[in-house]
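One letter stands for each residue in the lines below.
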Amino acid sequence: MEAADEEKAGNGRNGRAEEPAAAEQRGGGGRLRGCWGFLRRNALVVLTVSGVVAGVALGAAVRGAALSPAQVAYLAFPGELLLRMLRMVILPLVVCSLVSGAASLDTRSLGRLGGIALGYFLGTTLLASGLAVALGFIVRPGAGASALNAPGLGLPGGVPTSKETVDSFLDLVRNLFPANLVAAAFRTYATEYKMLLRNTTSGNVTWEKIPVGTEIEGMNILGLVLFALVLGVALKKLGQEGEDLIRFFNSFNEATMVLVSWIMWYVPIGIMFLVGSKIVEMEDIVLLVTSLGKYIFASILGHFIHGGIILPLIYFASTRQNPYRFLLGLITPLATAFATCSSSATLPSMIKCIEENNGVDKRISRFILPIGATVNMDGAAIFQCMAAVFIAQLNNVDLNPGQIFTILVTATASSVGAAGVPAGGVLTIAIILEAIGLPTNDLSLILAVDWIVDRTTTVVNVEGDALGAGILNYLNEKEKKDKEQDLKEVKVEAIANSKSEGETSPLVTHKNQVSNTTSTADPESKESVL
């Protein structure tokens with residue numbers, strides 16, 4: 001018996017000694033399972049960021065190989081495929097999402113959300129423009145840079161043709177109402193000029209510039225957005241007759257999102273080759289950064305302040321929620337924006353991630369994000385205002401308050417019509433320069449660094465759209481809760497009023513008595529009571 005007791009005691013001591021080791025093993029296994037689960041949930045984010053890093057490494061490694069232009073084009077081919085796939089789904093995504101979004105909202109909510117979105121877009125763009133002008137005067141990126149020349153930086157000599165400011169805004173209005181919806185899917189209206197020789201009565205010969213309307217390559221996204229919104233409202237008004245078509249657009253939209261989810265798994269590969277080929281294309285990065293370093297620094301600083309501080313503060317003030325946690329769910333579309341430099345190409349992944357990761361209502365995201373990708377260009381406004389101040393300082397021109405106001409208003413308005421494609425904002429800088437009377441010849445310097453600055457520009461553009469959708473989603477949910485609370489209060493008051501009326505109204509008393517009689521009577525006597 002004593003031996004058996006001693007054996008049990010020994011086994012107990014050994015068991016107690018083995019418990020910490022087993023617990024440690026279980027803890028290590030739990031940590032491994034947790035890490036593996038995190039990687040599985042965020043596999044696309046990890047792969048996308050890894051693609052950016054691998055692209056930088058690839059470009060740095062291949063730069064020394066002295067590739068020919070044809071070889072660089074071959075290197076960029078996988079990235080070109082990504083851009084083509086993303087642009088392929090833009091048209092069905094924008095049209096179907098806006099039609100279904102506008103049709104799913106009642107007219108009052110549509111007007112309310114549209115008004116808030118318009119105020120948010122205009123307010124943030126004005127803030128971005130003011131920030132860029134202030135930073136331009138503080139940093140002075142154009143001071144001491146007058147000796148720069150574009151050929152020394154290895155740039156193409158082409159500069160966008162400048163247009164009159166009035167014609168630019170008239171083109172914007174014309175594109176809102178496309179004459180042909182099918183042509184609007186791949187062509188947009190633009191004004192060009194024809195020079196005519198005129199003989200005056202005094203015998204002098206003058207040249208007159210005549211505006212001529214032409215169609216250029218590029219999707220007329222503004223016209224398609226307006227048509228889709230109006231069509232959605234019209235289908236909502238039809239009621240029962242329009243439900244079949246609304247269901248068609250909803251199904252088409254869901255099928256497009258499935259295509260987007262498949263394309264997203266190709267994004268890391270495409271990003272790697274896009275970034276790598278762009279680094280290889282630049283002839284002398286060191287000369288470019290040292291020559292235009294202050295301009296690059298001022299532009300990226302403006303994007304960092306606006307995207308990292310101002311926009312999150314607006315989101316926090318509106319929702320009282322952590323904006324950085326919201327942005328953490330959007331790493332994949334932000335990385336896509338950084339690599340593609342295209343707000344339109346980022347739209348599919350942004351819609352997918354903001355709905356799945358941040359829980360934004362589909363009706364809100366698919367209504368606001370396509371509009372934001374077209375008209376909300378905070379990053380472009382910073383880029384354009386900084387470029388205008390830079391070129392003014394480059395030419396030793398002191399901007400007066402009237403010119404500064406013109407820059408702010410023109411940049412805010414022209415960013416609405418800026419194309420959501422790479423280098424789309426450069427064309428609108430010519431409008432600002434014409435408005436304040438500065439030469440457009442120095443735009444070649446802006447083109448030199450556009451491939452660098454345009455990346456942070458696009459990131460801020462899509463971040464502003466996403467935070468705007470988050471704010472609208474919060475306000476919409478808050479309004480729903482308030483309505484539900486009001487309905488509960490109304491029901492409680494109705495019950496209380498019915499009881500009080502029952503004490504005073506003989507008619508209600510009579511009914512109550514009858515109902516009480518029927519309820520207390522046995523089943524056989526119910527028929528006679530009735």
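With an unreviewed UniProt entry as reference, the protein chain is termed Amino acid transporter, source organism Accipiter nisus. Under the UniProt heading Sequence similarities (unreviewed entry), the note attached to the protein chain is "Belongs to the dicarboxylate/amino acid:cation symporter (DAACS) (TC 2.A.23) family."

> Would you take a moment to explain the packing of helix H4 (residues 77-88) against helix H5 (residues 90-104) for this structure?
Any two packed helices are characterised by the angle at which their axes cross and by the distance between the axes. Running from amino to carboxyl end, H4 crosses H5 at an angle of 25 degrees, the nearest separation of the two axes being 5 Å. Between H4 and H5, the crossing angle belongs to the class labelled roughly parallel. Two secondary-structure elements touch here, H4 through Leu-86, Arg-87 and Met-88 and H5 through Ile-90, Leu-91 and Pro-92. In terms of residue class, the contact of H4 with H5 is made up of five nonpolar, no polar and one charged.

> I'm lost on the confidence of the model for the protein chain in this one. Help?
Close reading of the predicted structure is inappropriate where its pLDDT is low. For the protein chain, per-residue confidence averages 78 on the pLDDT scale, and 77% of positions sit at 70 or higher. Across residues 500-521, where pLDDT falls below 50, the model places eight contacts with residues more than four positions away in sequence or in other chains. Counting interchain partners and residues more than four positions distant, the pLDDT-below-50 stretch residues 523-530 has four contacts.

> Help me understand the packing of aromatic side chains in this model?
Note on aromatic pairs: each is described by the distance of the centres and the angle between the planes. The tally for this structure, following the rule as stated, stands at five aromatic pairs. With centroids separated by 5.8 Å and ring planes inclined at 70 degrees, the aromatic side chains of Phe-248 and Phe-252 adopt a geometry described as edge-to-face. Placement of the pair is Phe-248 and Phe-252 together in helix H10 (residues 243-264), with a separation of four residues, close to one helical turn. We classify Phe-248 as partly exposed; its relative accessible area is 45%. Looking at Phe-252, the relative accessible area reads 38%, which means it is partly exposed.

> Honestly, unusual backbone geometry in this entry has me stumped. Any pointers?
The phi dihedral of Arg-140 falls on the positive side, at around 55 degrees, and the residue is not glycine. Its location among the elements puts Arg-140 in the loop between helix H6 (107-139) and helix H7 (165-176). Residue Arg-320 is not a glycine yet carries a positive backbone phi of 55 degrees. Examined against the element boundaries, Arg-320 turns out to sit in the loop between helix H12 (285-319) and helix H13 (323-328). Overall, Arg-320 belongs to the exposed group, its relative accessible area being 60%.

> Can you help me understand the pattern of salt bridges in this one?
Oppositely charged side chains can pair when the atoms bearing their charge come close. Scanning all chains against the criterion turns up 10 salt bridges. Across the pair Glu-355 and Arg-366 runs a salt bridge whose closest N-O atoms are separated by 2.8 Å. Separated by 11 residues along the polypeptide, Glu-355 in helix H15 (residues 343-356) and Arg-366 in helix H16 (residues 362-375) bring together distant segments of the chain. Comparing Glu-355 with Arg-366 shows no difference in burial state: the two are buried. Between Asp-361 and Arg-363 there is a salt bridge, with the nearest N and O atoms lying 3.1 Å from each other.

The rules behind these values
Residues numbered from 1 in each chain as written. Predicted model: local features only at pLDDT ≥ 70, side-chain atom pairs only at ≥ 80, totals over all residues. Heavy atoms only, no water. UniProt positions renumbered as here; feature names shortened; annotations may be inferred. Axes fitted to C-alpha atoms, helices over the stretch in contact; angles between N-to-C directions. Helix = DSSP H or I, 4+ residues; strand = E, 2+ residues; numbered from the N terminus. Parallel < 35°, antiparallel > 145°, perpendicular 65-115°, else oblique. Contact = heavy atoms within 4.5 Å. Nonpolar A, V, L, I, M, F, W, Y, C, P; charged D, E, K, R; others polar. pLDDT = per-residue confidence, 0-100. Phe/Tyr/Trp six-rings, centres within 6.5 Å; stacked < 30°, edge-to-face > 60°. Buried < 20%, exposed > 50% of the residue type's maximum accessible area, 1.4 Å probe, protein only. Salt bridge = Lys/Arg side-chain N within 4 Å of Asp/Glu carboxyl O.

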